[in-house]
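Single-letter residue listing:
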Amino acid sequence: MRTIIYFFIFSLIFKIVFSQKNTIPLKTNLKEVTVFLSGVQIERIGSINIPEGNSLIVVKELPSDLVSQTLQVNGKGDFTILSVSHNTNYLIDQIKPKEVLNIEDSVQKLKDFIAEKNYQLYVYNQEEAFILANKQIGGQNTGVSVAALKESSDFLRNRLMDIKNKQFNLNKQVTDLQNRISKFENQLKERNAKNNKPTSEVLISVWANKPMLATFSIKYLASSAMWVPSYDLKVKDINQPIQIVYKANIQQTTGEEWNGVKMILSTANPFQTASKPTFNPWFISFYQPFNYNNKSSTMYQKGKYAEAPSRLNKQDEILEMAEADKAEIFTTQQTNFTTVEFVINKPYDIPSNGQSIAVEMLTTELSTQYEYFAYPKVNTSAYLVAKVNGWETLNMIPGDIHLYFENTYIGNSDYSGIALTDTIDFSLGQDKGISTKREKIKEFSFKRIIGLNQRQSVGFKISVRNNKTIPITLNLYDQLPVSTNKEIEVERIELSQAQVDDLTGKAYWKLQLKPGELKELKFIYAVKYPKVKTIILE
């Protein structure tokens with residue numbers, strides 16, 4: 001009987017020991033990251049020797065915001081992946097980076113210097129107290145000679161002055177050292193706040209019939225990365241096509257340093273809902289006011305109104321962009337059914353500190369027509385406008401635009417992503433080489449009473465001069481008043497063949513000006529209205 005019991009216990013222990021999994025940590029390296037407009041897909045690879053039987057492969061120090069639903073694990077080798085799971089590790093001991101260790105060492109050295117200075121201060125303080133406590137010379141019944149008194153006074157004055165100077169300098173040195181320590185400690189707090197974040201772990205349960213080398217590929221999605229497009233529009237002069245530099249401004253705080261990583265930038269947004277909108281009934285009824293009793297309630301309750309479906313407002317975040325080396329020659333553009341991908345074939349280092357790194361993905365020149373715009377009623381300056389064709393081939397998405405003209409930065413604009421024509425207009429700022437002037441013509445500016453009405457005439461002379469050495473096209477604008485009352489009538493007297501929009505009153509001329517050419521236009525109209533009324537036309 002006792003032999004049977006011993007055999008049973010031995011068999012149980014054998015099963016417990018040999019049924020336990022071999023827990024093996026797997027070190028992986030970044031293979032590729034696909035950065036989306038919001039979020040990033042990361043692929044890591046690693047190889048490890050696994051024993052025969054059941055093993056648990058553990059991949060540590062992954063981003064804390066790893067989306068477990070997107071986790072994909074593939075393996076190469078004659079083994080079976082039984083299960084994959086994910087959990088967050090809040091207790092992992094973080095390995096201090098070399099930078100943190102150097103800062104801590106500097107803080108300790110500074111504290112040692114402060115201790116040394118404080119020791120010196122203590123000695124000088126004690127000496128000062130000793131001198132002040134024993135400053136009396138001579139006895140109560142013994143006088144002191146003038147020479148002895150002078151010698152004693154000189155000693156006290158010189159020695160105390162020397163002590164005070166030493167104390168002042170030491171206190172100043174201690175204060176300076178403490179300020180340096182404070183700066184180092186603030187830097188440590190910032191670094192430790194990043195280093196002490198929880199991390200994710202991926203647990204891979206495998207079964208192998210024999211020991212072997214196993215290779216794993218792990219893909220997952222994290223939310224703590226993004227890229228924002230921006231564009232540089234550069235014009236050397238109006239005889240050359242416009243140059244557009246398409247940039248991606250990348251930032252990430254995944255906790256992983258992307259060193260020498262291959263990147264793909266995608267215009268997709270995996271965190272955006274993929275479900276099409278649904279229609280719900282929109283019920284309406286008559287308004288029924290709610291009767292309430294002042295004695296029982298002090299709250300005023302309204303009846304329900306019919307409400308239309310609401311639409312969320314989207315806020316665009318403006319990021320400050322950092323400069324980076326040019327990389328457009330290393331970028332390949334791939335157009336899919338609903339998205340565009342830019343494959344960056346040059347390895348990049350993207351730190352996990354949220355800093356925005358600018359990558360130039362594409363530089364191209366587009367056919368451009370340059371024209372000038374002027375509205376002298378509001379501003380006497382002329383503005384250069386670039387009419388760009390072929391922009392749709394760039395797959396541009398909404399982003400900031402930085403404008404450069406003649407190698408000078410002239411300001412910002414933005415691209416909304418909405419363009420219904422094959423031409424986009426970009427304003428390149430004022431050009432002082434075009435002069436415009438709008439002045440009143442006195443003989444056409446007067447009021448006259450006609451029966452029950454009065455007629456007010458207004459006339460202007462618009463002068464435009466091309467001071468440049470090349471011919472230009474100028475789009476010139478003014479406006480007529482538009483009547484909103486049948487008692488008010490607007491009469492067009494002289495518009496110098498302007499095209500007029502009857503709904504808005506916009507008057508338009510398209511002028512071709514040779515170098516040094518001056519053109520003058522007359523813009524005269526009249527308004528008739530009841531004489532008992534007042535209208536302001538200027």
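Above: the structure in question.
Notes on the structure in this doc start here.

## Examining the pairing of strand β23 (residues 472–479)
In terms of residue burial, β23 counts as a mostly covered element, since 7 of its 8 residues are buried. As paired strands, strand β15 (residues 368–375) and β23 are joined by 3 bridges and run parallel to one another. Bridging across to β23, Tyr372 finds its partner in Leu474. As judged from the 8 bridges shared by β23 and strand β26 (residues 506–513), these two strands associate in the antiparallel manner. Of the residues in β26, the one forming a bridge with Leu476 is Trp509.

## Things to note about the nonpolar core
In this structure, Ile50, Phe216 and Trp227 are the most contacted members of the largest nonpolar core, which totals 89 residues. Of the residues forming this core, the biggest block, 6 residues, is contributed by strand β8 (residues 212–222). Counting 9 residues, the second largest nonpolar core, distinct from the first, contains Val107, Val174, Leu177 and Leu188.

## Examining the packing of aromatic side chains
Applying the stated criterion across every chain yields a total of 10 aromatic pairs. Ring geometry for Phe79 against Phe216: centres 5.4 Å apart, planes inclined by 50°, an arrangement best described as tilted. Placement of Phe79 in strand β6 (residues 79–89) and of Phe216 in strand β8 is noted, with a sequence separation of 137 residues between them. In this structure, Phe79 and Phe216 share a single accessibility class: buried. Between the aromatic rings of Trp509 and Phe523, the centroid separation amounts to 5.8 Å while the plane-to-plane angle is 75°, which identifies the pairing as edge-to-face. Here the residue Trp509 occupies a position in strand β26, and Phe523 occupies one in strand β27 (residues 518–530), the gap between them amounting to 14 residues. Residue class for Trp509 comes out buried when judged on its relative accessible area of 4%. Site record: aromatic cluster; members linked through ring pairs are Trp227, Tyr231, Tyr246, Phe342 and Tyr415. Against the face of Tyr404 rests Lys234, its NZ or CZ located 5.8 Å from the ring centre. The positively charged end of Arg438 is found above the aromatic ring belonging to Phe460, 3.7 Å away from the centroid.

## Some points on the environment of Thr88
With respect to the helices and strands, the residue Thr88 is situated in strand β6. When the C-alpha positions of Thr88 and Glu61 are compared, they lie 9.5 Å apart, and in sequence the two are 27 residues distant. Contact partners of Thr88, with chain neighbours within four places excluded, come to Pro198, Thr199 and Ser200.

Here is what the cut-offs are and how they apply
Residues numbered from 1 in each chain as written. Predicted model: local features only at pLDDT ≥ 70, side-chain atom pairs only at ≥ 80, totals over all residues. Heavy atoms only, no water. Buried < 20%, exposed > 50% of the residue type's maximum accessible area, 1.4 Å probe, protein only. Helix = DSSP H or I, 4+ residues; strand = E, 2+ residues; numbered from the N terminus. Pairing = 2+ DSSP bridges. Core = buried A, V, L, I, M, F, W, Y, C linked by side-chain atoms within 4.5 Å. Phe/Tyr/Trp six-rings, centres within 6.5 Å; stacked < 30°, edge-to-face > 60°. Lys NZ or Arg CZ within 6 Å of the ring centre and 35° of its normal. Contact = heavy atoms within 4.5 Å.

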